[in-house]
Amino acid sequence: MQNHPSYPVLSQLLEKYPATGGALFQVYNDLTLAQKWIDVEVLDLPACKRAAIKGKRPTPDTDRVPSICIVVPCSLSESISASWLRAAFTSLDPLPSEIYVAITSEDTSTVYYKISQGIVKPPV
């Protein structure tokens, strides 16, 4: 991992949160290398004892401005609770209306779930 090009960007938070480092490393590389996010930065979420990733997801429509998204990585073996999600939201400033939870598995699969603040009607 230390020889990977993304390691210098992540090293401080990988050392601070070693239990969640694998998920952070996997999701960061998926977003930057496979999904081609831009303006990516890593955020510290001490209340959740992990890092989050903030960036702009590219859009197929070149006239639209890419939206800013926040992704909180976790592993499939972790338990997620309502209080954990609330802590993730309140740790971010400004408070986002939604975040994505990226759940990683040992086979390098990653599934992204969109989590909204409160009750939100799905788009029609």
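Provided above is the structure to which this section pertains.
Values in this document were obtained by computation on a predicted structure and should not be read as measured data.

**Looking at the pattern of salt bridges**
Working step 1: A full pass over the atoms with the stated rule returns 4 salt bridges.
Working step 2: Across the pair D39 and K56 runs a salt bridge whose closest N-O atoms are separated by 3.3 Å. With D39 in strand β1 (residues 38–45) and K56 in strand β2 (residues 50–57), this residue pair connects regions lying 17 residues apart in the sequence.
Working step 3: Residue E78 pairs with R50 through a salt bridge whose shortest N-O separation is 2.4 Å. Residue E78 is located in the loop between β3 (67–75) and α3 (82–91), and its partner R50 is located in strand β2; the two are separated by 28 residues in the primary sequence.
Working step 4: Classification of R50 by relative accessible area gives buried; the value is 4%.

**A look at the packing of helix α1 (residues 7–16) against helix α2 (residues 21–34)**
Working step 1: At a minimum axis distance of 10 Å, the contact between α1 and α2 shows a crossing angle of 160 degrees. With respect to α2, the element α1 is oriented roughly antiparallel. In terms of crossing hand, the pair formed by α1 and α2 is right-handed. Here V9, L10, L13 and L14 of α1 come into contact with α2, specifically with G21, L24, F25 and Y28.
Working step 2: Among the residues making up the contact of α1 with α2, the classes are represented as 7 nonpolar, 1 polar and no charged.

**Focus: the sheet that holds strand β5 (residues 110–116)**
Working step 1: As summarised here, the arrangement of the 5 strands in space is β1-β2-β3-β4-β5, forming an open sheet in which the pairing is mixed. A single partner strand is all that each edge strand has here, and the edge strands are β1 and β5. Taking each pair of neighbouring strands and ignoring which way they run, the sheet shows an average axis angle of 30 degrees.
Working step 2: Relative to β2, β1 runs antiparallel, the two being bridged by 6 bridges. Paired with I38 across the bridge in β2 is K56.
Working step 3: Contacting β1, β2, β3, β4 (98–104) and β5, α2 runs over the sheet at an angle of about 145 degrees to β3.

**As for the nonpolar core**
Working step 1: Ranked by size, the top nonpolar core spans 17 residues in total, and within it L10, L24, V27, L31, I53 and V71 carry the most contacts.
Working step 2: Of all the secondary structure elements, the ones that give two or more residues to this core are α1, α2, β2, β3 and β4.
Working step 3: Looking at which element gives the most residues to this core, the answer is α2, with 5 residues.
Working step 4: Setting aside chain neighbours within four positions, we find V27 in contact with I53, V71, P73, A102, T104, T110 and Y112.
Working step 5: In terms of nonpolar packing, the next biggest core, distinct from the first, is built from 15 residues, C48, I70, V72 and V101 among them.

Analysis parameters
Residues numbered from 1 in each chain as written. Predicted model: local features only at pLDDT ≥ 70, side-chain atom pairs only at ≥ 80, totals over all residues. Heavy atoms only, no water. Salt bridge = Lys/Arg side-chain N within 4 Å of Asp/Glu carboxyl O. Helix = DSSP H or I, 4+ residues; strand = E, 2+ residues; numbered from the N terminus. Buried < 20%, exposed > 50% of the residue type's maximum accessible area, 1.4 Å probe, protein only. Axes fitted to C-alpha atoms, helices over the stretch in contact; angles between N-to-C directions. Parallel < 35°, antiparallel > 145°, perpendicular 65-115°, else oblique. Left-handed = near helix turned anticlockwise from the far one by under 90°. Contact = heavy atoms within 4.5 Å. Nonpolar A, V, L, I, M, F, W, Y, C, P; charged D, E, K, R; others polar. Pairing = 2+ DSSP bridges. Core = buried A, V, L, I, M, F, W, Y, C linked by side-chain atoms within 4.5 Å.

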